[in-house]
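Residue-level structure breakdown
Now for the letters of each chain:
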Amino acid sequence: TKPSVLVARAVFDDVVDRLREHFDVETNPGDQVFPKAELIERLKGKQGALTTGSERIDGEVLAANPQLRVVSNIAVGYNNFDVPALDARGVLGTNTPDVLTETTADFGFALMMATARRMAESEHFLRRGEWNRWSLTMFAGSDVHGATLGILGMGRIGQAIARRGALGFGMKVLYHNRSRLAPEVEASLNARYVDKATLLRESDHLVLVLPYSASSHHAIGAAELAQMRPTATLTNIARGGIVDDAALAEALKAGRLAAAGLDVFEGEPQVHPSLLEVPNVVLTPHIASATLATRRAMANLAADNLIAGLGFGPDAGRPPTPINPNVLPLRSA
Ligand code: GLV
Ligand code: GLV
């Protein structure tokens, strides 16, 4: 008999068909996020699961489902996985890096530009019918070209944003990260490594691209916002919780920061009510990797990981993008 897997959210039909070649597949046609108790129930008897950032896979879920072998996230970020708990139970987690890098960098750059040039605020003004005359300083923002681009978190996506800024827009690129890039990579991106305080102080446009963890929780809070230039913008395409959204709304209201572009929020899909009240923000619903081509590539890579992780297909036992390869080879399901 085939192993059973749960596809926790709606995905492309042809991707489900690929899974059906190897597995008995339970899908989620309604595409509602399963509450925890239901997720635990639906995982019963399943050896694998395709998840998104909305399903939390922790010790409780794993303890209730000791037969589970592979959890395959359709996302590069995997803070919804308790990785030590996966390790402790010998469960493989996988994610979808690389295939979304350029698409996500495009969006980060677009959001930063929209923020600097006040595109959302001015569109709302037009839609409200308030445009009755043109004026010289109407929605005057700040330049992107030639400005100082600050990047916090210099992984693949951070580097792809740096490349856009340095090569396309003549920006000076500063970055801070846990580890430094190799000198030749720094040189190719025209990027300078600085400490976090310098990054905050010198950036005209600061973009956050670091993974969420206990140590990046509120990496940008009131104290950090106070170190930024009042003319600066902040763009977050990383994860909610890296920014203290309440403190950010305060800084924006008080004019201590020019504007913010946010694709991710603490407690999303809830959005802090004060952020909805400030005009100088561009707010998008966690869509940085959302092109059809990239979402298809992510879903297919997640399927590849699940198929190979459970011992099928050409890469059986060698899933392409494992998070915790230390658990390989998996004991049989
Ligand atoms: C989306 O946020 C992802 O991690 O891919
Ligand atoms: C992951 O965080 C990346 O930057 O690709």
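The residue numbers shown here count from 1 along each chain, following its written sequence. Chains and ligands are labelled sequentially in the order written, the chains with letters from A and the ligands with numbers from 1. Under the rules for a predicted model, residues below a pLDDT of 70 receive no local features and side-chain atom pairs below 80 are neither given nor counted, while totals for whole chains, interfaces and linings still include all residues.

The protein chain has the name D-glycerate dehydrogenase in an unreviewed UniProt entry, where Piscinibacter gummiphilus is given as its organism. UniProt positions are given in the numbering used here, feature names are shortened, and annotations may be inferred rather than shown by experiment. Listed under Sequence similarities (unreviewed entry) in UniProt, the entry text for the protein chain is "Belongs to the D-isomer specific 2-hydroxyacid dehydrogenase family."

1. With respect to the domain arrangement of the protein chain
An automatic or database domain assignment is the source of the domain bounds shown. Its domain assignment divides the protein chain into domain 1 (4-97 + 292-327) and domain 2 (101-283). Here the C-alpha centroids of domain 1 and domain 2 sit 32 Å apart. Note on contacts: each residue gets a C-beta atom placed from the backbone, and two residues are in contact if those atoms are within 7 Å. With four residues of domain 1 in contact, the opposing surface of domain 2 contributes six residues. Of the residues belonging to the side of domain 1 that touches domain 2, the class tally is one nonpolar, three polar and no charged. Side-chain classes are defined by residue name, with Ala, Val, Leu, Ile, Met, Phe, Trp, Tyr, Cys and Pro counting as nonpolar, Asp, Glu, Lys and Arg as charged, and the others, Gly among them, as polar.

2. Things to note about the site of ligand 2
Taken together, the neighbourhood of ligand 2 is formed by Val 76, Pro 97, Thr 101, Gly 155, Arg 156, Ile 157, Gly 158, Val 209 and Pro 211. Numbering of helices and strands runs from the N terminus; a helix is a DSSP stretch of H or I covering at least four residues, while a strand is a stretch of E covering at least two. The biggest single contributor to the shell around ligand 2 is helix α7 (residues 156-169), with three residues. Class assignment of the residues belonging to the shell around ligand 2 gives a composition of five nonpolar, three polar and one charged. We call a residue near a molecule or strand if the C-beta atom, set from the backbone, is within 6 Å of it.

3. Here's the deal with the packing of helix α5 (residues 101-116) against α7
Fitted lines through C-alpha atoms give the axes, limited to the stretch in contact for helices. The angle between two N-to-C directions lies from 0 to 180 degrees. Orientation of α5 relative to α7, taken along the N-to-C sense of each, is 55°, at an axis distance of 8 Å. Judged by the inter-axis angle, α5 sits oblique to α7. The element α5 and its partner α7 pack so that their crossing is right-handed. Contact residues: Thr 101, Glu 102, Thr 104, Ala 105, Gly 108 and Phe 109 in α5; Arg 156, Ile 157, Ala 160, Ile 161 and Arg 164 in α7. Counted by class, the contact of α5 with α7 contains five nonpolar, three polar and three charged residues. For classification purposes, angles smaller than 35 degrees are called roughly parallel, those larger than 145 roughly antiparallel, those between 65 and 115 roughly perpendicular, and all remaining angles oblique. The crossing is said to be left-handed when, going from far helix to near helix, the turn is anticlockwise and less than a right angle, and right-handed when the turn is clockwise.

4. Quick look at the site of ligand 1
Around ligand 1 sit Gly 53, Ala 75, Val 76, Gly 77, Leu 100 and Ser 289, and those are all the residues in its vicinity. Of the residues belonging to the shell around ligand 1, the class tally is three nonpolar, three polar and no charged.

5. A word on the sheet that holds strand β3 (residues 48-51)
Strands were regarded as paired on the criterion that DSSP finds at least two bridges between them. What the five strands build is an open sheet, ordered β2-β1-β3-β4-β5; its pairing is parallel. At either end of the open sheet lies a strand with only one pairing partner, and these are β2 (24-26) and β5 (92-94). Here the strands of the sheet are splayed against their neighbours by 15° on average, with no regard to which way each runs. Pairing between strand β1 (residues 4-7) and β3: three bridges, direction parallel. Bridge pairing links Leu 6 to Ala 49 in β3. Its contacts with the sheet place helix α13 (residues 292-309) against β1, β3, β4 (70-73) and β5, and it is angled at close to 170° to β4.

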